[in-house]
Amino acid sequence: MNKVPVMTIDGPSGSGKGTVSRAAAKALGWALLDSGALYRLVALAGRKAGVSLDDGAGLAPLAEKLNIRFGSGETGEELVWLDDAEVTGAIRTEEAGNDASKVAALPVVRAALLERQRRFAVPPGLVADGRDMGTVVFPQAEVKIFLTASAAERAGRRHKQLKEKGVAATLAALSLEIAERDLRDSTRSASPLVASADAILLDTTGMAVDAVVERILEVARGRLSSQVE
Ligand code: DC
């Protein structure tokens, strides 16, 4: 069996993982796994089915059978469907992120999504974005990156993103939310947010997105000299 190369990009909310992972996947011509979207979708499926977000026994079968599709629209924008409904906007709200963080703390939900995540590894390669990509889902990944940024910078980035989308939010409320989510994501017993011992740590505070992507591609090229240009 030919092994599919995987690059994992883990880190806390607002560390820039999403943007950077997309750009890196595009530059390499590799598939992308946005694992956070899966947890957001499970939470949304739970809400739609009237299942409480702390009910592991109720959520695990939903996670197992999650009927989702990722695609792109006319202008190349990313679209996500849950069953027959387009839910792209619905899963990107702050509330959906908080819901995701709650269901992601449940070991049965994480277990139900494990194999589905691994199936994203298809030739010529995969960039996997999340919290436990390098530690749990793809421990054998050739390239592991752990992105960080100061809490203030992460809240500032999220604030800018929301403003661009026309969503009202205060910096103070976002800082609080980020701190809460960080705490829940890093102190849960199931796959907490920690850097894999073999991950390359990159503090992106004050760095432009392009510079972060370039640095990551440099690392990837170094590690995978025979597999990427
Ligand atoms: O990356 P994101 O903001 O879309 O993720 C939403 C939540 O899902 C995040 O607060 C923690 C959780 N998550 C996780 O526990 N494990 C992952 N691999 C990805 C996300």
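Just so we're clear, the structure is a prediction, and the values are computed from it rather than from any experiment.

Undergrad: In this structure, what is going on with the packing of helix H2 (residues 35-49) against helix H3 (residues 56-65)? I would like to understand it.
TA: When two helices pack together, their arrangement is captured by the angle between the axes and the distance separating the axes. With their axes 9 Å apart at the nearest point, H2 and H3 run at an angle of 120 degrees to one another. Relative to H3, H2 is oriented oblique. As H2 packs across H3, the resulting crossing turns out to be right-handed. Residue-level contacts link Val42, Ala45, Gly46 and Ala49 of H2 to Leu59, Leu62 and Ala63 of H3. The class makeup of the residues in the contact of H2 with H3 is 6 nonpolar, 1 polar and no charged.

Undergrad: Help me out: how do you make sense of the site of the ligand in this one?
TA: As a matter of local geometry, the ligand sits amid 16 residues, with Arg40, Arg110, Arg131, Asp185 and Arg188 nearest to it. Asp185 places a polar side-chain atom, nitrogen or oxygen, 2.9 Å from an oxygen atom of the ligand. Here an oxygen atom of the ligand and a side-chain polar atom of Arg188 are 2.8 Å apart. Considered on its own, the ligand offers 450 Å² of accessible surface; in the complex 96% of this is hidden by protein. The cavity where the ligand resides is the largest pocket. Among the elements of the structure, H2, helix H4 (94-103) and helix H8 (171-187) are those that each provide at least two residues to the shell around the ligand. Looking at the shell around the ligand residue by residue, the class counts come to 4 nonpolar, 4 polar and 8 charged.

Undergrad: What is the right way to read H3 from this model?
TA: Working note: α-helix, 3.6 residues per turn, so residues spaced by three or four point in the same direction. Among all positions in H3, only Gly56, Gly58, Leu59, Ala60 and Ala63 are buried. Summarising the contacts, the buried residues of H3 are in contact with H2, H4 and helix H5 (107-118).

Rules and cut-offs
Residues numbered from 1 in each chain as written. Predicted model: local features only at pLDDT ≥ 70, side-chain atom pairs only at ≥ 80, totals over all residues. Heavy atoms only, no water. Axes fitted to C-alpha atoms, helices over the stretch in contact; angles between N-to-C directions. Helix = DSSP H or I, 4+ residues; strand = E, 2+ residues; numbered from the N terminus. Parallel < 35°, antiparallel > 145°, perpendicular 65-115°, else oblique. Left-handed = near helix turned anticlockwise from the far one by under 90°. Contact = heavy atoms within 4.5 Å. Nonpolar A, V, L, I, M, F, W, Y, C, P; charged D, E, K, R; others polar. Near = heavy atom within 4 Å. Polar contact = N/O pair within 3.5 Å; in protein donor to acceptor, adjacent residues only side chain to side chain. Areas by Shrake-Rupley, 256 points an atom, 1.4 Å probe, with all protein chains shown as cover. 1 Å grid on protein atoms, 1.4 Å probe; cavity = no way out; pocket = protein on both sides within 12 Å on 5 of 7 lines; lining within 4 Å. Sits in = over half its atoms within 2 Å of the grid points. Buried < 20%, exposed > 50% of the residue type's maximum accessible area, 1.4 Å probe, protein only.

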